[in-house]
Amino acid sequence: MNKRGITMTSIVIYVVLFFIFTSIAIGISSNMNYESLSEKGNIINHEEFQKLQYNMLNSAKKSNEVYNINGKIVFSNNDEYDYNEEDKTILKNDHVLIQNVENFSILPSNDLVEIKDPNKGVAIEVTLKKYGSSKSEKMIFSVGDNVES
């Protein structure tokens, strides 16, 4: 007997093939999305480092001394930088400057080889993490380069 149309076996095969191709497409798109999020994390981390560096350089240029007071960096122009471990943020004058900070540490003044007076410079190490992308940098700032009288 010659059967015409779609049989039950062919419907099952079509449904199985549909789910196989759908799962492959989902797997490929998920991997592409993960890679783009990682790249986005790199970009965000870089922007946050730029923002921190710009603000601290401006504070250092406008100051003639810098102090480490209980884990706070205080410049003589009254700019204060503090790390909030709960929110993982660095604050400038009690306002959020950058976010996603995993680690913030003020390095000992004996690490500043070029700066003899500990009140004339500060060194920090900052680690940022966003979307699985992590970046760590050390920064050294010396004060008094452009003090306005």
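Structural data are supplied above this passage.
Since the structure is predicted, the reported quantities are computational estimates derived from the model, not experimental observations.

A. Here's a closer look at the sheet that holds strand β7 (residues 121-130). Spatial ordering of the open sheet is given by β6-β7-β8, a layout of three strands whose pairing is antiparallel. A strand with exactly one partner marks an edge of an open sheet, and here the two such strands are β6 (101-106) and β8 (133-142). Between one strand and the next, the sheet's axes are offset by a mean angle of 10°, whatever the strand orientation.

B. Highlighting the side chain of S59. Relative to the helices and strands, S59 is located in helix α1 (residues 8-61). Within the structure, S59 has its side chain in polar contact with the side chain of Y81 (distance 2.7 Å). Sequence-distant contacts of S59, defined by excluding residues within four places in its chain, comprise F75, N77, D79, Y81 and K92.

C. Main features of the pattern of salt bridges. In the structure shown here, the tally under the stated rule is four salt bridges. Salt-bridge contacts for K72 lead to E80; the nearest nitrogen and oxygen are separated by 3.2 Å. Salt-bridge contacts for E137 lead to K135; the nearest nitrogen and oxygen are separated by 3.4 Å. By relative accessible area, E137 is classed as partly exposed at 28%. On the basis of relative accessibility, which here comes to 29%, the residue K135 falls in the partly exposed class.

D. The environment of K88, seen in detail. Summarising the element assignment, K88 is placed in the loop between β3 (80-84) and β4 (89-92). Counting along the chain gives 41 residues from K88 to K129, while the straight-line C-alpha distance between them is 9.9 Å.

E. Expanded view of the nonpolar core. One finds L52, I73, F75, I124 and V126 to be the most contacted residues of the largest nonpolar core, which totals 21 residues. At the level of secondary structure, the elements contributing two or more residues to this core comprise α1, β2 (72-75), β3, β5 (95-98), β6, β7 and β8. Other than its neighbours up to four places away in sequence, I124 contacts L52, M56, I73, F104, S105, I106, L107, E137, K138, M139 and F141.

Criteria and cut-off values
- Residues numbered from 1 in each chain as written.
- Predicted model: local features only at pLDDT ≥ 70, side-chain atom pairs only at ≥ 80, totals over all residues.
- Heavy atoms only, no water.
- Pairing = 2+ DSSP bridges.
- Helix = DSSP H or I, 4+ residues; strand = E, 2+ residues; numbered from the N terminus.
- Axes fitted to C-alpha atoms, helices over the stretch in contact; angles between N-to-C directions.
- Polar contact = N/O pair within 3.5 Å; in protein donor to acceptor, adjacent residues only side chain to side chain.
- Contact = heavy atoms within 4.5 Å.
- Salt bridge = Lys/Arg side-chain N within 4 Å of Asp/Glu carboxyl O.
- Buried < 20%, exposed > 50% of the residue type's maximum accessible area, 1.4 Å probe, protein only.
- Core = buried A, V, L, I, M, F, W, Y, C linked by side-chain atoms within 4.5 Å.

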